[in-house]
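# Secondary and tertiary structure notes
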Amino acid sequence: MAKTVVVLGTQWGDEGKGKIVDSLTERADLVVRFQGGNNAGHTVMVDDKEIILHLIPSGILHEDKLCLMGNGLVINPKALLEEMKELTDRGIRLNNNLKISKNAHLIMPYHLAIEKEKEAQKGKKKIGTTLRGIGPAYVDKMARIGIRVVDLLYPDVLREKIEANLTELNPVLSKVYGAREFDTEEVFREYMEYAEKLMPFIDDTDIIVNEAIDEGKKVLFEGAQGTLLDIDHGTYPYVTSSSPTAGGVCTGAGVGPTKINTILGVVKAYTTRVGSGPFPTEIKGPFGDEIRERGGEYGATTGRPRRCGWLDFVALRHAVRINGLTGLIITKLDVLDGIETLRVCTAYRYEGELITEFPKALNILEQCEPVYEEIEGWTESTRGINDFNKLPENARRYLKHIEDTLGVPVDIISTGKKRDDIIILKEHFE
Ligand code: GDP
Ligand code: IMO
Ligand code: MG
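The rules we used
Residues numbered from 1 in each chain as written. Chains lettered and ligands numbered in written order. Predicted model: local features only at pLDDT ≥ 70, side-chain atom pairs only at ≥ 80, totals over all residues. Heavy atoms only, no water. Helix = DSSP H or I, 4+ residues; strand = E, 2+ residues; numbered from the N terminus. Expected span 1.5 Å × (residues − 1). Buried < 20%, exposed > 50% of the residue type's maximum accessible area, 1.4 Å probe, protein only. Contact = heavy atoms within 4.5 Å. Domains from an automatic or database assignment. Buried area = accessible area lost by both parts, 1.4 Å probe. Polar contact = N/O pair within 3.5 Å; in protein donor to acceptor, adjacent residues only side chain to side chain. Nonpolar A, V, L, I, M, F, W, Y, C, P; charged D, E, K, R; others polar. Near = heavy atom within 4 Å. Areas by Shrake-Rupley, 256 points an atom, 1.4 Å probe, with all protein chains shown as cover.

### Things to note about helix α3 (residues 109–122)
- Between its terminal C-alpha atoms α3 stretches 21 Å, which fits the 20 Å expected from 14 residues at 1.5 Å a residue.
- Those residues of α3 that sit buried are Tyr110, His111, Ala113, Ile114, Glu115, Glu117 and Glu119.
- Among the structural elements, β8 (105–106), α4 (134–142) and α5 (155–176) are those in contact with the buried residues of α3.
- Of the residues flanking the end of α3, it is Gly123, one or two places downstream, whose phi is positive at about 60°.

### Considerations on the domain arrangement of the protein
- When the domains of the protein are assigned, the result is domain 1 (4–102 + 204–424) and domain 2 (105–200).
- Put simply, the middle of domain 1 and the middle of domain 2, counted by C-alpha atoms, are 29 Å apart.
- Residue-level contacts link 30 residues of domain 1 with 24 residues of domain 2.
- Here domain 1 meets domain 2 over a buried area of about 2200 Å², counting both sides, of which 61% is carbon and sulfur.
- The largest contributions to the domain 1 side of the interface with domain 2 come from Val74, Pro77 and Lys102, which together make up 25% of the buried area.
- Linking domain 1 to domain 2 there are 10 residue pairs in polar contact (both at pLDDT 80 or more).
- When residues of the side of domain 1 that touches domain 2 are traced back to their parent elements, those giving at least two are β6 (74–75), α2 (77–89) and β7 (98–101).
- Of the residues forming the side of domain 1 that touches domain 2, the biggest block, five residues, is contributed by α2.
- Residue composition of the side of domain 1 that touches domain 2, grouped by class: 11 nonpolar, 16 polar and three charged.

### A short note on the site of ligand 2
- Lining the immediate surroundings of ligand 2 are 20 residues, of which Asp14, Lys17, His42, Thr130 and Thr240 lie closest.
- Note that an oxygen atom of ligand 2 is positioned 2.7 Å from one of the side-chain N or O atoms of His42.
- Measuring from an oxygen atom of ligand 2, one finds a side-chain N or O atom of Thr240 at 2.6 Å.
- Considering ligand 2 on its own, with 550 Å² of exposed area, one finds that the protein chains cover 98% of that surface.
- Here the residues of the shell around ligand 2 sort into seven nonpolar, 10 polar and three charged.
- No fewer than three residues from each of domain 1 (4–102 + 204–424) and domain 2 (105–200) sit in the shell around ligand 2.

Here it is, written out as structure tokens:
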């Protein structure tokens, strides 16, 4: 039995990670986010009320569990404080149950400004980012000019870094883009206010999580985004700027690979993508719209309509390999209820040739045509079913087909939005 379980996205995000993490938190002691920022939107339903978490781990709704925001995150303190307020307004207590890594990087107001200009300049080639400043914050991290959470504790260091960054960036904003410049003192004062409020939560999350593992506690790692949005393994450049894949857990939480027991990949029973970039199994036209409406496929962060398509085994085989998945979690099975014939993509056709491995070159991927296999659907409702044997035969067949094709067992199935709309075929924690 595992002590450390990773739950991550295998597609282009929005697979239902938040719901799954919330459901599994009951069995865990700690929940840890390891990458991304408030580009994520993780929806959790409690007592018929929907809560969308962007930065705080989806385990936070379980009062007695410890939630960590790891060093791999980029944190907009304003957005974090707003999220914290939303939770406390709902009666969720936040004190010792939330810790923020000193090494996480801060999203600054100028990150949002520069991203807005750069996306606009790209025109048709825009990435379609969430405009939350994620990319520019990670750029600064890699350029070694980023401002970290720990800097909030040292005002002189903070001011000096803001000043150095703005000296370089202000002329770019005003002269290249004709945009507004930022004032060091103004930004500094704003961030000192955040510092005061966040101080009690800042900690050495790497030490906390490793001590917890050593003590035999059960740790759940919550991925944001998905494998195909990974900076290395996704559809570059139409990706996010972090590592949502399994390797990101180690660097983003400060946990060695030998400490990770189980890696579960969340697979939506079909595929969605929000933002630009290639999507071979996309269904254009009325049927794609129908799936969007059935599945409520609108962005949890930006409200944008999600592009919808069939399940893609070429992409999923890539996700299985890159992440070393030990199990699958199939979500939103109920959205496929009543569809007469389902399709799954088994290969791509490119210039008359069959391709079975996910292409690295974007110009090839963009021209790939999906090759489909048809599978008979089911007419009965699966919504809310908790017992595998009560699923319609064809739904079980669809799940078995996924399991056989990918060579990874389906451990969990989600049949609705609510916490209890879940079939757990394998328990991962003791
Ligand atoms: P995440 O980013 O991976 O956490 O996923 P999102 O929260 O962005 O999007 C998933 C959406 O599907 C949310 O509205 C969830 O409430 C909903 N959802 C999750 N699991 C299921 C499911 O099994 N069935 C249905 N119908 N909806 C689900
Ligand atoms: P969760 O955790 C779906 C997409 C954006 C854009 C690209 C880059 O809810 O699954 P960014 O703002 O990260 O620089 O945008 O990545 N994107 C997501 N799509 N779910 C997400 O998170 C996403 N986070 C970013 O739409 O295409
Ligand atoms: Mg989401």
